[in-house]
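Spelled out from the first residue to the last, the chains are:
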Amino acid sequence: MNRDVGSSDFISNLPDCILSCITGRLSMKDAVRTSVLSKKWKYVWTSATGLDMNEDCFCLNNQNGWRNERRISTEDKRKKMVKAVSHVFNSHIGHIEKFQLLFNPGIYTSHVDQWISFLTCSGAQEVDLDFRFQLKKFVVNFYRLPSYFFDCESLRVLTLQNCLIQLPVDFKGFKSLAVLVLSGVYIQGSHLEGLVSKCERLQSLTLQNAWGFKFIKIRSPLKSLQCLTIDNNCRVSLCEVLVDAPNLLSLNVTGYMSNHFNVHALVFNFPRLVNFSCTCVSHSPFTLDGEQADVLVMVLKKLAYVENMSLLGSFIKLCIGRSNFPVFGNLRKLSIKVDMTQPLEVTEFTCFLKSCPSLKELVIWCDEPHGKKYSSGLWENVEPTDCIIHHLERVVINDFSGEEDGMGFMNFLLKNARVLKKITVNFNKGLWKDTQELALRGLKRLERADGHVELLIGYVSFWDDYILIRKCAGSTCTS
């Protein structure tokens, strides 16, 4: 039913606290627009508990679209943003629970300092600050957080992006902080340690593309920390992490490695770790020397109690020739990247499986670029491990190309995995449709030695642009 703008309605008759929650879920631009709905709504936005200050949102002209947006200069955008945000802060009453800011300060650093000052006094609990840094003559110009920001004791969730962090000498810590994300920030190692070690209730820590430190050293026990993510361009390897987190449950590490990566003593303490993910990235193929490879194996020995493990990137390549893996007695799920065309990688992969006696789920990411020489019959002489014969129930093969070695592995599983219930094959998206169909016919011909297995086959058809899933039971496949 249509209503006049000034007429009464159910939503407008809700209590003011509910209306504030509603406007708090809108972008700040849309929240301010609600003031024209009626007299009741005129000042509701001024008490919104959530403020979303997005530079793109404030500067977008919805009437004329993106074409008109391109005509607005960067400087005009910033002026409009500064004016709008200052108006919001000057008009706002009450406390703020959630605050988001996406803005490149440029020449308006003093205004941003004022916004941060307001935020510190507002009792904000969840804060996300993303300062789009500028590049001037190939030098990054970071916004430096003012010292009074670190007096915001009400924080529970904090995300800082693209800024310079330097702790004040008298920093007492964020006593209520549970989640901390540092992305693209510049922070020295001593300040990183001081920041994290003084967050007594910290449960989740994420370091993504952080600069300013060569290794991560946090010596004070982080008793509440349960999840740690290190996503480099920090260029810090797992061997350069000094963290004491006795209750850590999940560890995710992604990092570049090179022939010159520095090996430090292994001093992390994660006795209760359940989930471990490591992606070793390298710009060019290489192998570790003896000392480095031994250290990598020592890392794994400290993770012998994990239940879910993901080893992607160049991990198997790094381990070639170092098959003295520890026994992972609790491991139930393994995700790993293997080049099925390389005998050395296949050998190392099967040696690793021998260390996983209770493995039930295996996820393989195939590394089979076109143009390689394939080893015919590579899997015919491989001895099945105990976990494959007696425990493996589910297998997922990603980026499957349908080449001979991949088919050989499929046949190896079907013949030897006695309790296998389900195999999911996801074709490489770069394959031509006729190649996919040829591989599909090859999968249909595979025979199950004993019992029943469900085979799910998925791929993207570039001709029809849809995802096709087929199910195969034994050697019979139906669409």
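Position numbers for residues start from 1 in each chain and track the written sequence from start to end. Owing to the predicted nature of the model, reporting of local features is limited to residues with pLDDT of at least 70; listing and counting of side-chain atom pairs is limited to 80 or more, with chain, interface and lining totals taken over all residues. Excluded from the side-chain calculations are hydrogens and water; all other atoms, namely the structure's heavy atoms, are used.

J.: For this particular structure, what's the right way to read the overall build of the chain?
T.: A run of H or I in DSSP counts as a helix once it spans at least four residues, and a run of E counts as a strand once it spans at least two, with each numbered from the N terminus. Looking only at helices and strands, one finds 13 helices and 23 strands in the chain. Of all 479 residues assigned to the chain, the portion counted as buried reaches 47%. In the chain, 68% of the contacts between residues at least 6 apart in sequence involve partners at least 24 apart. Exposure was quantified through the Shrake-Rupley algorithm and a 1.4 Å probe, taking into account, for residues, occlusion by the shown protein chains and nothing else. Taken as a whole, the chain presents about 24,100 Å² of accessible surface, with 51% of it coming from carbon and sulfur. Each residue is assigned to one of three classes by its accessible area relative to the maximum for its type, calculated with a 1.4 Å probe on protein chains only: buried under 20%, partly exposed between the two thresholds, exposed over 50%. Contacts are assigned to residue pairs with any non-hydrogen atoms lying within 4.5 Å of each other.

J.: Teacher, can you tell me more about helix 10 (residues 343–354) here?
T.: One full turn of an α-helix is made of 3.6 residues, so residues set three or four places apart face in the same direction. Between its first and last C-alpha atoms helix 10 spans 17 Å; for 12 residues at 1.5 Å apiece the expected length is 16 Å, and the two agree. If you check which residues of helix 10 are buried, you get Glu345, Val346, Glu348, Phe349, Thr350, Phe352 and Leu353. Take the number of residues in a helix, subtract one, and multiply by 1.5 Å to get its expected span.

J.: For this particular structure, what's the right way to read the pattern of salt bridges?
T.: Pairing is possible between side chains of opposite charge, provided their charged atoms come close. Salt bridge, as applied in this entry: a Lys or Arg side-chain nitrogen positioned within 4 Å of an Asp or Glu carboxyl oxygen. Applying the stated criterion across every chain, the model contains 5 salt bridges. Note that Glu361 and Arg394 form a salt bridge whose closest N and O atoms lie 3.6 Å from each other. With Glu361 in strand 18 (residues 361–366) and Arg394 in strand 19 (residues 394–400), this residue pair connects regions lying 33 residues apart in the sequence. Relative accessible area serves as the criterion here: at 34%, Arg394 is assigned to the partly exposed category. Measuring nitrogen to oxygen at the nearest pair gives 3.3 Å for the salt bridge that ties Arg394 to Glu393.

J.: Is there a simple way to think about unusual backbone geometry in this case?
T.: Here the phi dihedral of Asn209 falls at roughly 55°; this positive angle occurs in a residue that is not glycine. Considering the arrangement of structural elements, one finds Asn209 in the loop between strand 10 (204–208) and strand 11 (216–218). Judged by relative accessible area, which is 25%, Asn209 ranks as partly exposed. The phi torsion at Asp399 lies on the positive side, around 60°, for a residue other than glycine. With respect to the helices, strands and loops of the structure, Asp399 is situated in strand 19.

J.: Could you clarify how one ought to interpret the packing of aromatic side chains in this entry?
T.: In this description, an aromatic ring pair is defined by two values, namely the gap between the centres and the angle between the planes. Between 30 and 60 degrees the pair is tilted, below 30 it is stacked and above 60 it is edge-to-face, where a pair is any two Phe, Tyr or Trp rings, Trp via its six-membered ring, whose centres lie within 6.5 Å. Tallied over the full model, the rule gives 17 aromatic pairs. Their ring planes at 80° and their centres at 5.7 Å tell us that Phe150 and Phe171 sit as a pair that is edge-to-face. Taken together, the positions of Phe150 in the loop between strand 6 (143–144) and strand 7 (157–161) and Phe171 in the loop between strand 8 (163–164) and strand 9 (179–183) put the pair 21 residues apart, joining distant regions of the chain. Comparing Phe150 with Phe171, the two get one shared label, buried. Every member of this aromatic cluster is reached through a ring pair, and the members are Phe149, Phe150, Phe171 and Phe174.

J.: Explain the nonpolar core to me, please; I cannot follow it from the model alone.
T.: The nonpolar side chains of soluble globular proteins are, as a tendency, buried together. To define a nonpolar core, start from buried Ala, Val, Leu, Ile, Met, Phe, Trp, Tyr and Cys residues and group those joined through side-chain atoms within 4.5 Å. Leu129 and Leu362 are the most contacted members of the largest nonpolar core, which totals 118 residues. Broken down by element, this core gets its largest block of residues, 6 residues, from helix 12 (residues 404–416). Apart from the residues lying within four places of it in its own chain, the contact partners of Leu362 are Leu334, Ile336, Phe349, Leu353, Leu392, Arg394, Val395, Val396 and Phe409.

J.: Whenever I open this one, the pairing of strand 10 confuses me. Can you help?
T.: Regular strands place their side chains on alternate faces of the sheet. When you tally the buried positions in strand 10, you get 4 out of 5 residues, the bulk of the element. Pairing of strand 9 with strand 10, which is carried by 5 bridges, proceeds in the parallel orientation. Bridge pairing links Val179 to Ser204 in strand 10. The handedness rule is simple: strands pointing away from the viewer, and a clockwise path from the first strand over the helix to the second, make the crossover right-handed. With helix 7 (residues 189–197) bridging strand 9 and its parallel neighbour strand 10, the resulting β-α-β unit is right-handed. Note on pairing: two strands pair once DSSP finds at least 2 bridges between them. Where strand 10 and strand 12 (residues 227–231) come together, 5 bridges link them in parallel fashion. Residue pairing in the sheet places Gln208 in a bridge with Asp231 of strand 12.

J.: Sorry if this is basic, but what is going on with the side chain of Ser122 here?
T.: Following the sequence through the fold, Ser122 ends up in the loop between helix 6 (109–121) and strand 3 (126–131). For Ser122, a relative accessible area of 8% corresponds to the buried category. Reaching out from Ser122, the side chain makes a polar contact with the backbone oxygen of Leu119 at a distance of 2.7 Å. If near-sequence neighbours (up to four positions away) are discounted, Ser122 is found in contact with His95 and Ile96. Polar contacts, as used here, are pairs of N or O atoms within 3.5 Å; protein pairs need one atom able to donate a hydrogen and one able to accept it. Residues neighboring in sequence count only if both atoms are side-chain atoms.

J.: What am I meant to see in the environment of Phe150 here?
T.: Of the residues examined, Phe150 reaches a relative accessible area of 4% and is grouped as buried. Here the alpha-carbon distance between Phe150 and Pro168, two residues 18 residues apart in the chain, equals 7.7 Å.

J.: Sorry, what's going on with the side chain of Glu393 here?
T.: Assignment of secondary structure puts Glu393 in the loop between helix 11 (386–390) and strand 19. Of the residues examined, Glu393 reaches a relative accessible area of 18% and is grouped as buried. Discounting chain neighbours no more than four positions away, the residues touching Glu393 are Lys360, Val419, Leu420, Lys421 and Lys422.

J.: Hey, could you run me through the pairing of strand 19 in this one?
T.: With respect to burial, strand 19 is a largely interior element, 5 of its 7 residues being buried. Here strand 18 runs beside strand 19; their pairing, made up of 5 bridges, is parallel. Opposite Glu361, over in strand 19, you have Arg394 as the bridge partner. Two elements, strand 19 and strand 20 (residues 422–427), share 5 bridges in a ladder whose sense is parallel. Note that in strand 20 the partner of Arg394 across the bridge is Lys422.

J.: Sorry if this is basic, but what is going on with the confidence of the model for the chain here?
T.: Confidence scores per residue from the predictor, reported as pLDDT, run from 0 to 100. In the predicted model, the chain carries a mean pLDDT of 76, and the fraction of residues at 70 or more is 67%. By mean pLDDT, strand 23 (residues 476–478) is the weakest element of the chain at 40, and strand 7 is the strongest at 96. Scored below 50 in pLDDT, residues 62–69 shows 8 contacts in the model against residues more than four places distant or in partner chains.

J.: Is there a simple way to think about the environment of Asp170 in this case?
T.: Within the secondary structure, Asp170 is located in the loop between strand 8 and strand 9. Given the relative accessible area of 59%, Asp170 is considered exposed. Expressed as a C-alpha distance, the spacing of Asp170 and Phe150, which sit 20 residues apart in the sequence, is 9.6 Å.

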